[in-house]
Amino acid sequence: MGNFAKWFYKQNLLIQLILLLIPFVNWIVEILIRWSAWLKTKSLLTLIFAILVTIPSGIAIGILDFIWLILFRHLLFAKA
């Protein structure tokens, strides 16, 4: 799981956006990216977002991440 964030960011932007648009796939991708980012950074903020996304309340974060990815080319508090 530690390399999933790197894998995700190596993908084409269109592929990243498609992965974030599909509802159940979005949730799984978010979980994998958030936890792999936390394993790398060990940041408290990254941990909080990983926990929030793991709980199915991550729909709002998923929408925010979609917009954030378009603007800044990475997810909110989950750089690789």
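The structure under discussion appears in the preceding block.
Basis of the calculations
- Residues numbered from 1 in each chain as written.
- Predicted model: local features only at pLDDT ≥ 70, side-chain atom pairs only at ≥ 80, totals over all residues.
- Heavy atoms only, no water.
- Phe/Tyr/Trp six-rings, centres within 6.5 Å; stacked < 30°, edge-to-face > 60°.
- Helix = DSSP H or I, 4+ residues; strand = E, 2+ residues; numbered from the N terminus.
- Buried < 20%, exposed > 50% of the residue type's maximum accessible area, 1.4 Å probe, protein only.
- Lys NZ or Arg CZ within 6 Å of the ring centre and 35° of its normal.
- Expected span 1.5 Å × (residues − 1).
- Contact = heavy atoms within 4.5 Å.

**Structural notes on the packing of aromatic side chains**
Next, step 1: Evaluated as defined, the whole model comprises six aromatic pairs.
Next, step 2: Centroid distance Phe4 to Trp7: 5.2 Å. Interplanar angle 35°. Geometry classified as tilted. Residue Phe4 and its partner Trp7 are both found in helix α1 (residues 4–10); the two are separated by three residues, about one turn of the helix.
Next, step 3: Arranged with centres 5.1 Å apart and planes meeting at 45°, the rings of Phe49 and Phe77 form a pair that is tilted. Here Phe49, found in helix α4 (residues 44–54), pairs with Phe77, found in the segment after α5 (59–72); they are 28 residues apart in sequence, far enough to count as distant.
Next, step 4: In this structure Phe49 comes out as buried when scored by relative accessible area, which is 13%.
Next, step 5: Judged by its relative accessible area of 40%, Phe77 is partly exposed.
Next, step 6: Note that Lys42 overlies the ring of Trp38, its terminal NZ or CZ placed 4.4 Å from the centroid.

**Section: helix α3 (residues 23–41)**
Next, step 1: Between its first and last C-alpha atoms α3 spans 27 Å; for 19 residues at 1.5 Å apiece the expected length is 27 Å, and the two agree.
Next, step 2: Looking at α3, one finds that the buried residues are Asn26, Val29, Glu30, Ile31, Ile33, Arg34, Ser36 and Ala37.
Next, step 3: Buried residues belonging to α3 abut α1, α2 (13–21), α4 and α5.
Next, step 4: Looking one or two places after α3, you find Lys42, whose phi comes out positive at around 55°.

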